[in-house]
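Residue-level listing of the chains:
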Amino acid sequence: YFVANPLSGDNIAYEVHPYNAATDFDALLVQPGRTLPIIIGEYGPAGSMTDADIRTLWTVAQTHEIPYIAWNFHQRCPPNLLQDSAADGCGLSAASGYNFPRTAWGDLLFTHLATPW
């Protein structure tokens, strides 16, 4: 919608949440990114998005200079980057030492971010 009807004004960015297969990235990211400043504000292994799709998203985003951040650090709102190891039900238990191991998705993102472009 916003490609054909951009908002008027300055300092506007459009956030997208592509929990999609890689075959959708051209339409969801590349084409809109040609005319609009977009940021990928959520993505991860949920819906139809697989680890292979995530790796493709990173390549597409880097190639087209589209910034991205992953969802989510909270362990009760998938896709989870951290395991819920707290006994208090809120993920904030001091008894856990605030040590929350990463999930497989968290490991995938951690490894990706630790790798220079």
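The shown structure was predicted, so the numbers you read here are calculated from the model rather than taken from an experiment.

Draft legend 1. Broad picture of the overall build of the protein. Looking only at helices and strands, the protein features three helices and two strands. Scanning the protein from its N terminus toward the C terminus, one meets helices and strands in the order β-α-β-α-α. Every one of the 117 residues in the protein was classed for burial, and the buried ones make up 32%. If you take every contact in the protein between residues at least 6 apart in sequence, the share linking residues at least 24 apart comes to 53%. Carbon and sulfur atoms make up 58% of the accessible area of the protein, which amounts to about 7100 Å² in all.

Draft legend 2. Representation of the side chain of E42 in the model. One can find E42 in the loop between β2 (38-40) and α2 (51-63). The class for E42 is buried, based on a relative accessible area of 17%. Polar side-chain contacts of E42 include one of 2.9 Å to the side chain of Y19. Contact partners of E42, with chain neighbours within four places excluded, come to E15, V16, H17, P18, Y19, I69 and W71.

Draft legend 3. Expanded view of α2. Between its terminal C-alpha atoms α2 stretches 18 Å, which fits the 18 Å expected from 13 residues at 1.5 Å a residue. Among the residues making up α2, those that are buried are D53, I54, L57, W58, V60 and A61. On its buried face, α2 sits against α1 (25-35), β2 and α3 (104-113). In the stretch just after α2, E65 is the one whose phi turns positive, near 55°.

Draft legend 4. Fine view of a nonpolar patch on the surface. Judged by side-chain polarity, Y1, F2 and L7 come together as a nonpolar surface patch covering roughly 360 Å² of accessible area. Mapped onto the secondary structure, L7 falls in the segment before β1 (14-16). For L7, a relative accessible area of 46% translates into the label partly exposed.

Conventions we followed
Residues numbered from 1 in each chain as written. Predicted model: local features only at pLDDT ≥ 70, side-chain atom pairs only at ≥ 80, totals over all residues. Heavy atoms only, no water. Helix = DSSP H or I, 4+ residues; strand = E, 2+ residues; numbered from the N terminus. Buried < 20%, exposed > 50% of the residue type's maximum accessible area, 1.4 Å probe, protein only. Contact = heavy atoms within 4.5 Å. Areas by Shrake-Rupley, 256 points an atom, 1.4 Å probe, with all protein chains shown as cover. Polar contact = N/O pair within 3.5 Å; in protein donor to acceptor, adjacent residues only side chain to side chain. Expected span 1.5 Å × (residues − 1). Patch = residues over 30% accessible without salt bridge, like charges linked within 9 Å, V, L, I, M, F, W, Y side chains within 5 Å. Salt bridge = Lys/Arg side-chain N within 4 Å of Asp/Glu carboxyl O.

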